[in-house]
Amino acid sequence: MMMMVLAPHASHAPAQAPRATVYTVLADAARTRSTRWLATEGAVTVAVVAGVLLLAPRWWPLAALLASVAAYAAWGLLDRAPAGHARAWRAVQRLLVVAATASVVAALAGTAVRLFWGDAPGPYGACYRDDGRAIPCRARDGLPPARGPVI
């Protein structure tokens, strides 16, 4: 007796779940939050971003990171739009995703620049006293810290 092994037809193959990405995980998290939570989160982060940019503009990488949190909250609020208006808000949601991603990339790049090429203590921007404490290199020569463009 001959046994035939048949491969399953493509239409009978089990559907594979889409792979989770950072965007799908964040979208699921935003959908589980209440509207009140998202509104509060967005308002507080926008206020902190404004405060950081006004009072300490050299901390802009932190403000950029917080701006991505505000974009997350705004995305979550727009995701709750009524069915008739949901289509109109999709482009705005996509713009928020792009803005949040660019904000995180800018925060990471700005932090790296400050650590490695700025006047902050780091492997390329500091000199060390005999006791091992980091100081700006110009300070060891008695010069004021270098002032350059705010990055």
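Residues numbered from 1 in each chain as written. Predicted model: local features only at pLDDT ≥ 70, side-chain atom pairs only at ≥ 80, totals over all residues. Heavy atoms only, no water.

A short note on the side chain of Gln 93
Going by this rule: Think of it this way: any DSSP run of H or I at least four residues long counts as a helix, any run of E at least two long counts as a strand, and we number them from the N terminus. Whenever a nitrogen or oxygen atom comes within 3.5 Å of another N or O atom, the pair is scored as a polar contact, on the condition that within protein one atom can donate a hydrogen and the other can accept it, and that pairs from neighbouring residues in sequence are kept only if both atoms are in side chains. Here, residues are in contact when the closest pair of their heavy atoms is within 4.5 Å.
Inspection of the secondary structure assignment puts Gln 93 in helix 4 (residues 83–117). Polar side-chain contacts of Gln 93 include one of 3.3 Å to the backbone oxygen of Trp 75. Beyond its immediate chain neighbours, meaning those up to four positions away, Gln 93 contacts Trp 75, Leu 78 and Asp 79.

A few points about the confidence of the model for the protein
This is how it is decided: Confidence scores per residue from the predictor, reported as pLDDT, run from 0 to 100.
Averaged over all residues, the pLDDT of the protein equals 77, while 66% of them reach at least 70. Mean pLDDT across the elements of the protein ranges from a minimum in helix 5 (residues 137–140), with 57, to a maximum in helix 2 (residues 35–55), with 95. Ignoring residues within four places in sequence, the model shows residues 1–7, a span with pLDDT below 50, making zero contacts including any to other chains. With pLDDT under 50 throughout, residues 120–124 is counted as low confidence; its partners more than four residues away or in other chains account for 11 contacts.

Quick notes on the pattern of salt bridges
Note the threshold: Salt bridge, as applied in this entry: a Lys or Arg side-chain nitrogen positioned within 4 Å of an Asp or Glu carboxyl oxygen. For each residue, the accessible area found with a 1.4 Å probe, counting protein chains only, is set against the maximum for its type, and the residue is called buried under 20%, exposed over 50%, and partly exposed in between.
The tally for this structure, following the rule as stated, stands at three salt bridges. One salt bridge in this structure joins Arg 31 and Asp 28, with 3.7 Å as the shortest N-O distance. With Arg 31 and Asp 28 both in helix 1 (residues 22–32) and three residues apart, the pair spans about one turn of that helix. For Asp 28, a relative accessible area of 48% gives the class partly exposed. The shortest N-O distance in the salt bridge between Asp 79 and Arg 90 comes to 3.6 Å. Here Arg 90 lies in helix 4 and Asp 79 lies in the loop between helix 3 (60–78) and helix 4, a separation of 11 residues in the sequence. Because the salt bridges share partners, they merge into one network encompassing Asp 28, Arg 31, Asp 79 and Arg 90.

Remarks on the environment of Trp 37
Considering the arrangement of structural elements, one finds Trp 37 in helix 2. Spatially, the C-alpha atom of Trp 37 lies 9.8 Å from that of Leu 77, the residues being 40 residues apart in sequence.

Some details on the packing of helix 1 against helix 3
To keep it simple, the criterion reads: Between N-to-C directions, angles span 0 to 180 degrees; the directions come from axes that are lines fitted to C-alpha atoms, helices contributing only their stretch in contact. Left-handed describes a crossing whose near helix is turned anticlockwise from the far helix by less than a right angle; the clockwise case is right-handed. Three residue categories are used. Nonpolar comprises Ala, Val, Leu, Ile, Met, Phe, Trp, Tyr, Cys and Pro, charged comprises Asp, Glu, Lys and Arg, and polar comprises the others, including Gly.
Between helix 1 and helix 3, whose axes approach to 9 Å, the crossing angle comes to 65°. Helix-helix and strand crossings are classified by hand; for helix 1 and helix 3 the assignment is right-handed. In contact with Leu 26, Ala 27, Ala 29, Ala 30 and Arg 31 of helix 1, helix 3 contributes Tyr 72, Trp 75 and Gly 76. For the contact of helix 1 with helix 3, a count of residues per class yields six nonpolar, one polar and one charged.

Remarks on the side chain of Thr 45
You can see Thr 45 is positioned in helix 2. Here the side chain of Thr 45 touches Glu 41 through a polar contact of 2.8 Å, landing on its backbone oxygen.

Notes on the nonpolar core
What counts, and what does not: Only buried Ala, Val, Leu, Ile, Met, Phe, Trp, Tyr and Cys residues count toward a nonpolar core, and they belong to the same one when joined by side-chain atoms within 4.5 Å.
Among the nonpolar cores identified, the biggest contains 10 residues, and these are Ala 27, Ala 30, Leu 38, Ala 71, Tyr 72, Ala 73, Trp 75, Leu 78, Leu 96 and Ala 100. Sorting the residues of this core by element identifies helix 1, helix 3 and helix 4 as the ones contributing at least two each. If near-sequence neighbours (up to four positions away) are discounted, Trp 75 is found in contact with Ala 27, Ala 30, Arg 31, Gln 93, Leu 96 and Val 97.

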